[in-house]
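# Topology and contacts: notes
Residues per chain, in single letters:
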Amino acid sequence: GLVSFENANFPMDQDKRTYHVGTKRGEVANRILSVGDVTRAALCASFMEPPPGMSEVYSYKSKRGFVTHTGLFDGVPISVVSTGMGYPNMDFVVRECRAVTDGELAFVRVGTCGAIQAPPGKLGSVVVASKGSVLVRRNPDAYDDPTVGKYFVSKPALPDAKLSALLESEMRSALNGDESEVVSAMNASADSFYSSQGRTGDDFDDANENLLDEIILKRQPEVVSLEMETFHLLDLARNSRELSVHAASCAIVLAERRSNDFLPADRIEFMERTCCRAALSTLAKASVRDVDGKEAYGDA
Ligand code: R1P
Ligand code: URA
């Protein structure tokens, strides 16, 4: 049927569901695993138990394609939310999940990325953004103004130090003995998979031939991974009132940008399983304060 929304400033429907992600209070846990696609979200849900009193993990798919799964991992309530791609989508997820929860929020992202320095970001490794993330944005004003730079690189936004260290150590134990490595580095989130990640082609005048070496790495030599959402997550967390949002992020290296190698499907599958489980374990162990100011689960 027809659904009406109220309040143009922060629209919610009559059930108090948010406008894009579509969830309401009670459906979202204070520990959120954010992943790019719905298949990865379903994989994460397959590792969880149903919430108390339910026979299945709770799932909600919004009209805009955001999927939320809420259940238990190691007995602790966790929600997995598919973010889609790009920072406007991360903005919907963080703000709308914040609006339907109380107390502290812990966000962990498990994404995929390209590596611009390998080593250390070898194909199939996982890069934890423990040194933060910068934003790389194409500057449309450069179209007809040669005096402005074609690409903007921000200063880094840092993760929550404790949450990021916990994520890194959970990744290390999960991958102990495996050929894949855990890399601690800086990430760059771009506003395009193509232009602002230095991919070249004949169809558009992106003027990005020297972006990786002369712009990004010259400014931030520790950048190893390139993806599209981490900066915005960390930026919103540091701007959250009373710092109620804590965030950390990692990404599996699918693409080696120098050699142009791409990770084979069986390794992608293995790394998604392993890293998503490790991220769920991180969230279950993380210290997150509930509305009464008590530690709700976790002891890290
Ligand atoms: C681009 O292919 C997408 O992959 C990366 C980028 O951030 C972008 O969203 O992450 P996800 O696999 O989490 O979507
Ligand atoms: N995701 C990205 O954004 N870039 C890559 O190169 C691979 C995955």
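Residues numbered from 1 in each chain as written. Chains lettered and ligands numbered in written order. Predicted model: local features only at pLDDT ≥ 70, side-chain atom pairs only at ≥ 80, totals over all residues. Heavy atoms only, no water.

### Some details on the overall build of the protein
Note the following rule: Helix and strand labels come from DSSP, where a helix needs a run of H or I of at least four residues and a strand needs a run of E of at least two; each type is numbered from the N terminus. The globule rule used here is 2.2 Å times the number of residues to the 0.38 power, and the radius of gyration it is set against is calculated over C-alpha atoms. Categorising residues by exposure relies on relative accessible area from a 1.4 Å probe, with only protein chains included: less than 20% of the type maximum marks a residue as buried, more than 50% marks it as exposed, and the intermediate range marks it as partly exposed. By definition, residues are in contact when any of their heavy atoms lie within 4.5 Å. We get accessible surface area from the Shrake-Rupley algorithm with a probe of 1.4 Å; when it comes to residues, only the shown protein chains can shield them. We treat Lys and Arg as the positive residues and Asp and Glu as the negative residues; His and chain ends play no part in the count. Taken as the charge centre is NZ of Lys, CZ of Arg, CG of Asp or CD of Glu, depending on the residue.
Helices and strands together make up the secondary structure of the protein, namely 6 helices and 15 strands. Scaling as 2.2 N^0.38, a compact globule of 300 residues should have a C-alpha radius of gyration of about 19 Å, and the protein matches this with 19 Å. Counting only C-alpha atoms and orienting by the principal axes, one finds that the protein spans roughly 60 × 50 × 35 Å. Here the protein holds 300 residues, and the buried ones make up 53% of them. In the protein, of all internal contacts separated by at least 6 residues, the share reaching a separation of at least 24 is 73%. Accessible surface computed for the protein: about 14,400 Å², of which carbon and sulfur atoms make up 50%. One finds the centroid of the 33 positive side-chain charges in the protein at a distance of 3 Å from the centroid of its 43 negative side-chain charges.

### As for the nonpolar core
Operational definition: Put simply, buried Ala, Val, Leu, Ile, Met, Phe, Trp, Tyr and Cys residues joined by side-chain atoms within 4.5 Å make one nonpolar core.
The biggest cluster of nonpolar side chains holds 40 residues, and the ones touching the most others in it are Leu33, Val80, Val110, Val126, Leu167, Met171 and Leu280. At the level of secondary structure, the elements contributing two or more residues to this core comprise strand E3 (31–35), helix H1 (38–46), strand E6 (76–82), strand E7 (105–115), strand E8 (126–128), helix H3 (161–174), strand E14 (245–256) and helix H6 (265–285). Take this core: its biggest share by element is 9 residues, from H6. When residues no more than four places from it in sequence are discounted, the contact partners of Leu33 are Cys44, Ser79, Val80, Val81, Val108, Val110, Cys276, Ala279, Leu280 and Leu283. Counting residues in hydrophobic clusters, the runner-up holds 22 residues, among them Ile32, Val94, Ala237 and Val245.

### Here we look at the pattern of salt bridges
Selection rule: When a carboxyl oxygen of Asp or Glu lies within 4 Å of a side-chain nitrogen of Lys or Arg, that pair is called a salt bridge.
What the rule picks out here adds up to 16 salt bridges. Across the pair Arg40 and Asp37 runs a salt bridge whose closest N-O atoms are separated by 3.3 Å. Arg40 gets classed as buried once you look at its relative accessible area, which sits at 5%. Residue Glu181 pairs with Lys122 through a salt bridge whose shortest N-O separation is 3.1 Å. Here Glu181 is found in the loop between H3 and strand E11 (182–184), whereas its partner Lys122 is found in the loop between E7 and E8, with 59 residues between them in sequence. The exposure class of Glu181 is partly exposed, given its relative accessible area of 38%. The class for Lys122 is partly exposed, based on a relative accessible area of 38%. The structure contains a network of salt bridges with shared partners spanning Asp37, Arg40 and Glu272.

### Topic: the site of ligand 2
For clarity, the threshold we go by: In these notes, residues near a molecule or strand are those with any non-hydrogen atom within 4 Å of it. The definition of a polar contact used here is a pair of N or O atoms within 3.5 Å, where within protein one atom must be able to donate a hydrogen and the other to accept one, and adjacent residues in sequence count solely through side-chain atom pairs. Nonpolar residues are Ala, Val, Leu, Ile, Met, Phe, Trp, Tyr, Cys and Pro. Charged residues are Asp, Glu, Lys and Arg, and all others, Gly as well, are polar.
Around ligand 2 sit Thr112, Cys113, Gly114, Phe193, Gln197, Arg199, Leu226, Glu227, Met228 and Ala255, and that is every residue in its neighbourhood. One of the side-chain nitrogen or oxygen atoms of Gln197 is found 2.8 Å away from a nitrogen atom of ligand 2. Between an oxygen atom of ligand 2 and a side-chain N or O atom of Arg199, the distance comes to 2.6 Å. In the complex, 92% of the free accessible area of ligand 2, which totals 240 Å², lies under the protein chains. Every element with two or more residues in the shell around ligand 2 is listed here: E7 and strand E13 (223–227). For the shell around ligand 2, the residue count by class is 5 nonpolar, 3 polar and 2 charged.

### Concerning the packing of aromatic side chains
Aromatic rings considered in pairs are described by the distance between their centres and by the relative angle of their planes. The condition that has to hold: Here a pair means two rings of Phe, Tyr or Trp (six-membered ring of Trp) with centres within 6.5 Å. Their orientation is stacked below 30 degrees between planes, edge-to-face above 60, and tilted elsewhere. The rule for a charge over a ring is simple: NZ of Lys or CZ of Arg within 6 Å of the ring centre, and within 35 degrees of the ring normal.
The final tally for this structure, using the stated rule, is 3 aromatic pairs. Considering the side-chain rings of Phe193 and Tyr194, the 4.9 Å spacing of their centres and the 75° angle between planes classify their relative orientation as edge-to-face. The exposure class assigned to Tyr194 is exposed, which follows from its relative accessible area of 53%. Its guanidinium or amino end placed over the ring of Phe193, Arg199 lies 3.8 Å from that ring's centre, counting from NZ or CZ. Directly above the ring of Phe47 sits Arg277, whose terminal nitrogen or CZ lies 4.2 Å from the centroid.

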